Amino acid sequence: MSMRLLCIGAAVCCAAAGGQAAQADDERAERARITAERSQVERMFDAREEDCRTRFAVNACVDAANRERREALGRLRQQEMLLDEARRKERAAERMQSIRGKVSRDDARRRRDTERRTSRAASAPAAPTPRASGARAESTMPERAARKQRPAETAAARAEAARKTAAYEKRQAEARAHREAVERRNAERAAEGKMARPLPVPASAPGG
């Protein structure tokens, strides 16, 4: 369809160009005719004036020749003015056509620009609304604080557990040492033959 329209447009342009060329040729031919007739009128007047000088009533003859000359030149001038007016109208029409073509091209360019902007806007990802962005920021703030706080809490818990473990092991070691000392003294007394009541063996230290 677009190729056919281009062909039609080219044909119309060619026809218009051909018509304008033919019209210009006709105008040049008409102006050449008027120029030739004006020259002929001048030659005829010169001949009439020369003939009038051989007549008895010279002034009346010359006046009649001048009158005919003015009438003939007036008709030719009217024809020339018609050609000038037609030429002015043709130039005005050409200028108007040029302005309309420019306006049409500008409108087409604006439509293309609008279509491109609309296409870009449709294909671009939607930007988040300020409210949605704020809500996401508010929701992530506690999570970030919790992530920052968890390592500290874990380290404190590990330190507390290590401290309790060390204290428990220390108490266990002290209880074992005390029990071994008591058992050693009881064995020494039994070996010496003394009937001393043995010291009670301490129980294991309670946990935690």
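Rules used in this analysis
Residues numbered from 1 in each chain as written. Predicted model: local features only at pLDDT ≥ 70, side-chain atom pairs only at ≥ 80, totals over all residues. Heavy atoms only, no water. Disulfide = S-S within 2.5 Å. Salt bridge = Lys/Arg side-chain N within 4 Å of Asp/Glu carboxyl O. Helix = DSSP H or I, 4+ residues; strand = E, 2+ residues; numbered from the N terminus. Buried < 20%, exposed > 50% of the residue type's maximum accessible area, 1.4 Å probe, protein only. Core = buried A, V, L, I, M, F, W, Y, C linked by side-chain atoms within 4.5 Å. pLDDT = per-residue confidence, 0-100.

1. Focus on the state of the cysteines
Here a disulfide denotes one covalent bond, and it connects the sulfur atoms of two cysteines.
Link 1 in the chain: Per the counting criterion, the structure on display carries one disulfide.
Link 2 in the chain: The disulfide bridge from Cys52 ends at Cys61, spanning 1.7 Å between sulfur atoms. What sets the handedness of the Cys52 and Cys61 disulfide is the S-S torsion sign, and at about -65° it is left-handed.

2. Some remarks on the pattern of salt bridges
Link 1 in the chain: All chains considered together, the criterion is met by 18 salt bridges.
Link 2 in the chain: Across the pair Arg33 and Glu30 runs a salt bridge whose closest N-O atoms are separated by 2.3 Å. Of the two residues, Arg33 and Glu30 both sit in helix H1 (residues 2-52), three residues apart, roughly one turn of that helix.
Link 3 in the chain: Overall, the relative accessible area of 29% leaves Glu30 in the partly exposed class.
Link 4 in the chain: Of the charged contacts, one joins Arg163 and Glu160 as a salt bridge, the two residues approaching to 2.4 Å between their closest N and O atoms. Pair noted here: Arg163 and Glu160 are both in helix H3 (residues 130-192), with a separation of three residues, about one helical turn.
Link 5 in the chain: Each of Glu27, Arg31 and Asp84 takes part in salt bridges that share partners, so that together they form one network.

3. With respect to the nonpolar core
Link 1 in the chain: Of all hydrophobic cores here, the largest spans six residues; its members are Ile34, Val41, Ala72, Leu73, Leu76 and Leu83.
Link 2 in the chain: The element that contributes the greatest number of residues to this core is helix H2 (residues 58-123), accounting for four residues.

4. Details of the confidence of the model for the protein
Link 1 in the chain: Per-residue confidence for the protein gives a mean pLDDT of 78, with 70% of residues at or over 70.
Link 2 in the chain: When mean pLDDT is taken per element in the protein, H2 scores highest with 90 and H3 scores lowest with 75.

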